[in-house]
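# Descriptive analysis of the structure
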Amino acid sequence: MEKNQLPDSSFSGLIRRYVSASVLLVIATAAALILANLPSTSEGYAAFWQKEVHMSIGNFNVFSHGGHPLSLMDFINDFLMFFFFLSVGLEIKREVLCGELSSRQKALLPVIGACGGMIVPVIVFFCVCLGHPLMERGCAIPMATDIAFSLGVLSMFGKRVPTGLKIFLAALAVADDLGGIIVIALFYSHGMAWKYLIGAAVVMIILLIGNYRQIRIKAFYMSFGLVLWYMVLNSGIHATIAGVILAFCIPANLPKGTRMYAQQIRHLVNRYPEIRVNEEDVNKAYVFDKADVQILRRIEKASDRLISPLQDIEDQLAMPINYLVIPLFALANAGVNFTGMSIGSLFHGVALGVFLGLLLGKFTGVLSFSWLSIKLGICQMPEGGNWRSFASVCMICGIGFTVSMFIAALSYPAHLGAEGAEMLNEAKLGILSGTIAAALVGALLLNFTLPKAPVDEE
């Protein structure tokens, strides 16, 4: 797969994509908290997510695990989040092939920073919860940076933020997601069912053969991807890992003859008749004749050859992921019930471990590992940044939400009973509190440390 065959894409598009999504996340989170705590809705809110989901073909229910139907909560966390992790996998693959993780020089600082931002929060959590095996299950919760929220905070400062710092944060968040995926695959899998595992391996081989034979039909990959999801779901490995496996099987290269297709589009556009429109007619419909329609269809067909399946699927997933899947995930998972809690609940156990892991662990880990790598001459400070502004960006790395909530649900599943449910509630409290604190402190630091005038770099 040749690197220069994949069209490049800048992080500016990624930042724009996540800014508006972060607003929806805030709204969904606020709605979840309100519904979970109003006396008139709290019981209905909790019960609603336990309703069963069925899509049956005869006696076979597609949305089932171990012969039991998925609940609505499971459907969101296991099925819809499959598409989220597919999107994350596609993004990681694209950045490794042609983006900010495509070379040692580009990738080293954010990857090293991400490693520190995963290791230190785990240590902080362990120090708080040491000696309590059930609590220790959640040690990975504070290791994730939420890309939508963190880039949303950074975007508030517009052109005051040097491009180098924007790229560092976005690349670190992508590397951070990869770390979260590895942790989920290694530590949140259980009870292997070998027949399904073998089935998943067979489907993966079919997908890899399709990639090798340069099959570019998106329906081929998505259809076998859904079969892969079902196999992985029932194999004992967490189902969302199927999304990442599928992402790395989808072709990222362009076919031969790309220049020919580009030239063909230019030729067809030149053949297209010029339409003169008066100002008063600009909003009126225009009926094309058959010859014009044929030209348009040929342009469309040639255009499809200039976009890799990877980028096409990633672009098509962006809207439903950012505006449906993640807000729905937040609505289902962010509902912390404060009944029986007090301000003191944040200062012990799981809640304190997660809170300190996000607020102090992420900041300390990202900054210290980055500082050491820069001082040793392994990496360079991001262009346009200084230590004060860089440290401010490290603070907003403590904004953890989507993947942190996801890992919390895996750490304290329903079968742990009442104690597990209580710890899950505490973990959510720690995530929300740590995220808000990191966002506020980070925003204040950015306001003081960034240049007061816009940076003219782009």
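Check the entry above for the structure.
Residues numbered from 1 in each chain as written. Predicted model: local features only at pLDDT ≥ 70, side-chain atom pairs only at ≥ 80, totals over all residues. Heavy atoms only, no water.

## Some details on the pattern of salt bridges
- Applying the stated criterion across every chain, the model contains 4 salt bridges.
- Between Arg94 and Glu314 there is a salt bridge, and its shortest N-O distance comes to 2.6 Å. Highlighted residues: Arg94 in helix H3 (residues 72–98) and Glu314 in helix H13 (residues 309–333), separated in sequence by 220 residues.
- Classification of Glu314 as buried rests on a relative accessible area of 2%. (Salt bridge = Lys/Arg side-chain N within 4 Å of Asp/Glu carboxyl O. Helix = DSSP H or I, 4+ residues; strand = E, 2+ residues; numbered from the N terminus. Buried < 20%, exposed > 50% of the residue type's maximum accessible area, 1.4 Å probe, protein only.)

## Side note on the environment of Met319
- With respect to the secondary-structure elements, Met319 resides in helix H13.
- Residues Met319 and Ala21, 298 residues apart in the sequence, show an inter-C-alpha distance of 9.2 Å.

## Focus: the nonpolar core
- Core analysis: the biggest nonpolar cluster contains 133 residues, and Phe84 and Trp229 have the highest contact counts within it.
- With near-sequence residues (within four places) excluded, Trp229 lies in contact with Val62, Phe63, Leu70, Asp78, Phe79, Phe82, Ala239 and Ala242. (Core = buried A, V, L, I, M, F, W, Y, C linked by side-chain atoms within 4.5 Å. Contact = heavy atoms within 4.5 Å.)

## Here's the deal with the packing of H3 against helix H7 (residues 163–187)
- It is at 10 Å that the axes of H3 and H7 come closest, and there the two elements cross at 125 degrees. Between H3 and H7, the angle is such that the two are oblique. Where H3 crosses over H7, the two elements pack in a sense that is left-handed. Contacts from Phe85, Val88, Glu91 and Ile92 in H3 reach Val174, Asp177, Leu178, Ile181 and Ile184 in H7.
- When the residues that make up the contact of H3 with H7 are grouped by side-chain class, the tally is 7 nonpolar, no polar and 2 charged. (Axes fitted to C-alpha atoms, helices over the stretch in contact; angles between N-to-C directions. Parallel < 35°, antiparallel > 145°, perpendicular 65-115°, else oblique. Left-handed = near helix turned anticlockwise from the far one by under 90°. Nonpolar A, V, L, I, M, F, W, Y, C, P; charged D, E, K, R; others polar.)

## Focus on the environment of Ile241
- Within the fold, Ile241 resides in helix H10 (residues 241–249).
- It is 7.1 Å that separates the C-alpha atoms of Ile241 and Ile181, two residues lying 60 residues apart in sequence.

## A closer look at a nonpolar patch on the surface
- On the surface, a cluster of nonpolar side chains totalling about 490 Å² of accessible area is made up of Met192, Trp194, Ile198, Val202 and Ile206.
- Position of Ile206 relative to the elements: it lies in helix H8 (residues 194–212).
- Of the residues examined, Ile206 reaches a relative accessible area of 31% and is grouped as partly exposed. (Patch = residues over 30% accessible without salt bridge, like charges linked within 9 Å, V, L, I, M, F, W, Y side chains within 5 Å. Areas by Shrake-Rupley, 256 points an atom, 1.4 Å probe, with all protein chains shown as cover.)

## Examining helix H15 (residues 387–396)
- Of all the 10 residues making up H15, 8 are buried; the element is thus mostly covered by neighbouring parts of the structure.
- Within the sequence span of H15, burial applies to Ser389, Phe390, Ala391, Ser392, Val393, Cys394, Met395 and Ile396.
- N-capping of H15 is provided by Asn386, with a side-chain oxygen placed 3.1 Å from the backbone N of Arg388. (Polar contact = N/O pair within 3.5 Å; in protein donor to acceptor, adjacent residues only side chain to side chain.)

## Points about the side chain of His238
- Along the chain, His238 falls in the loop between helix H9 (218–233) and H10.
- A residue is classified by how much of its surface remains accessible, and His238, at 10% relative accessible area, is buried.
- At 3.2 Å, the side chain of His238 forms a polar contact with the side chain of Asp78.
- The contacts of His238, once residues within four sequence positions are left out, are Asn77, Asp78, Ile184, Tyr188, Ser189, Val232, Phe406 and Leu410.

## Things to note about helix H14 (residues 349–375)
- The first and last C-alpha atoms of H14 sit 36 Å apart over 27 residues, in line with the 39 Å expected at 1.5 Å per residue.
- The sharpest bend along H14 comes to roughly 40 degrees, located at Gly357.
- Downstream of H14 by one or two residues, Gly377 has phi in the positive range, about 80 degrees. (Expected span 1.5 Å × (residues − 1). Bend = angle between axes of the 7 residues up to and from the residue.)

## Looking at the environment of Glu52
- Here Glu52 is to be found in the loop between helix H2 (42–48) and strand E1 (56–57).
- Judged by its relative accessible area of 54%, Glu52 is exposed.
- Distance from Glu52 to Phe63, taken between C-alpha atoms, is 9.2 Å for residues 11 residues apart in sequence.
- Ignoring sequence-local partners within four residues, the contact set of Glu52 consists of Pro69, Leu70 and Ser71.
- In this structure the side chain of Glu52 is engaged in a polar contact, spanning 3.1 Å, whose partner is the side chain of His54.

## A short note on the packing of aromatic side chains
- All chains considered together, the criterion is met by 19 aromatic pairs.
- Seen from their ring centres, Trp387 and Phe390 are 5.8 Å apart, and the 90 degrees between their planes marks the pair as edge-to-face. With Trp387 and Phe390 both in helix H15 and 3 residues apart, the pair spans about one turn of that helix.
- Judged by relative accessible area, which is 31%, Trp387 ranks as partly exposed.
- Judged by relative accessible area, Phe390 falls into the buried class, the value being 0%.
- Through pairs of rings, three or more aromatic residues link up here, namely Phe63, Phe75, Phe79, Phe82, Phe83 and Trp229. (Phe/Tyr/Trp six-rings, centres within 6.5 Å; stacked < 30°, edge-to-face > 60°.)

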